[in-house]
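The primary structure of each chain is shown beneath.
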Amino acid sequence: MIDPPLDLDSVRTFVHIAELESFTRAAEAMGTSQAAVSLKLKRLEGRLGCRLFDRTPRYVQLSPRGASFLDQARALLELHDRTLASLSEQRRRLTIGISDHVAG
């Protein structure tokens, strides 16, 4: 049986937590709740089979396994974003028409 792929949203959440050193600040940066951030990290840790952070109510710090995963996570997200960008390089044009009586 093939293991399911990594959820990129969870990987992106992990990177935000690592960079901001806070679940709360990561949630604010992502426009979501702290509970959603915690759930995404829990799923990722379950998928990887290890803890990525050592945490207490006062601090969040990468675990040794989390520190080794961070560079790989960043590379994965960068490749993903670059791939999507290469497929959407076509410029799109939007034309808006406004009648004289609306603009006047």
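Quick caveat, the model's predicted, so the values are computed rather than measured.

Looking now at helix 4 (residues 64-87). Helix length check: helix 4 (24 residues) gives 36 Å between terminal C-alpha atoms against 34 Å at 1.5 Å per residue, within 8%. Its maximal kink placed at Leu-70, helix 4 deviates by approximately 30°. Those residues of helix 4 that sit buried are Gly-66, Phe-69, Leu-70, Ala-73 and Leu-77. Buried residues along helix 4 sit in contact with helix 1 (8-20), helix 3 (34-48) and strand 2 (60-62).

Let us look at the pattern of salt bridges. Here the structure, examined in full by the defined rule, presents six salt bridges. A salt bridge links Asp-81 to Arg-12, with the shortest nitrogen-to-oxygen separation between them at 3.2 Å. Linking Asp-81 in helix 4 with Arg-12 in helix 1, this pair joins segments that are 69 residues apart in sequence. The partly exposed category is assigned to Asp-81, whose relative accessible area is 36%. Note that Arg-55 and Glu-45 form a salt bridge whose closest N and O atoms lie 3.3 Å from each other. Here Arg-55, found in strand 1 (residues 53-55), pairs with Glu-45, found in helix 3; they are ten residues apart in sequence, far enough to count as distant.

Moving on, we get to the packing of aromatic side chains. Summed over all chains, the structure comprises three aromatic pairs. Taken together, a centroid distance of 5.2 Å and an interplanar angle of 45° make the contact between Phe-14 and Phe-69 tilted. A residue pair is termed long-range when its members are at least 10 positions apart, and Phe-14 in helix 1 and Phe-69 in helix 4 qualify at 55 residues. Each member of the pair, Phe-14 as well as Phe-69, is classed as buried. Aromatic ring contacts, followed pair by pair, group Phe-14, Phe-23, Phe-53 and Phe-69 into a single cluster.

Cut-offs and rules
- Residues numbered from 1 in each chain as written.
- Predicted model: local features only at pLDDT ≥ 70, side-chain atom pairs only at ≥ 80, totals over all residues.
- Heavy atoms only, no water.
- Helix = DSSP H or I, 4+ residues; strand = E, 2+ residues; numbered from the N terminus.
- Expected span 1.5 Å × (residues − 1).
- Bend = angle between axes of the 7 residues up to and from the residue.
- Buried < 20%, exposed > 50% of the residue type's maximum accessible area, 1.4 Å probe, protein only.
- Contact = heavy atoms within 4.5 Å.
- Salt bridge = Lys/Arg side-chain N within 4 Å of Asp/Glu carboxyl O.
- Phe/Tyr/Trp six-rings, centres within 6.5 Å; stacked < 30°, edge-to-face > 60°.

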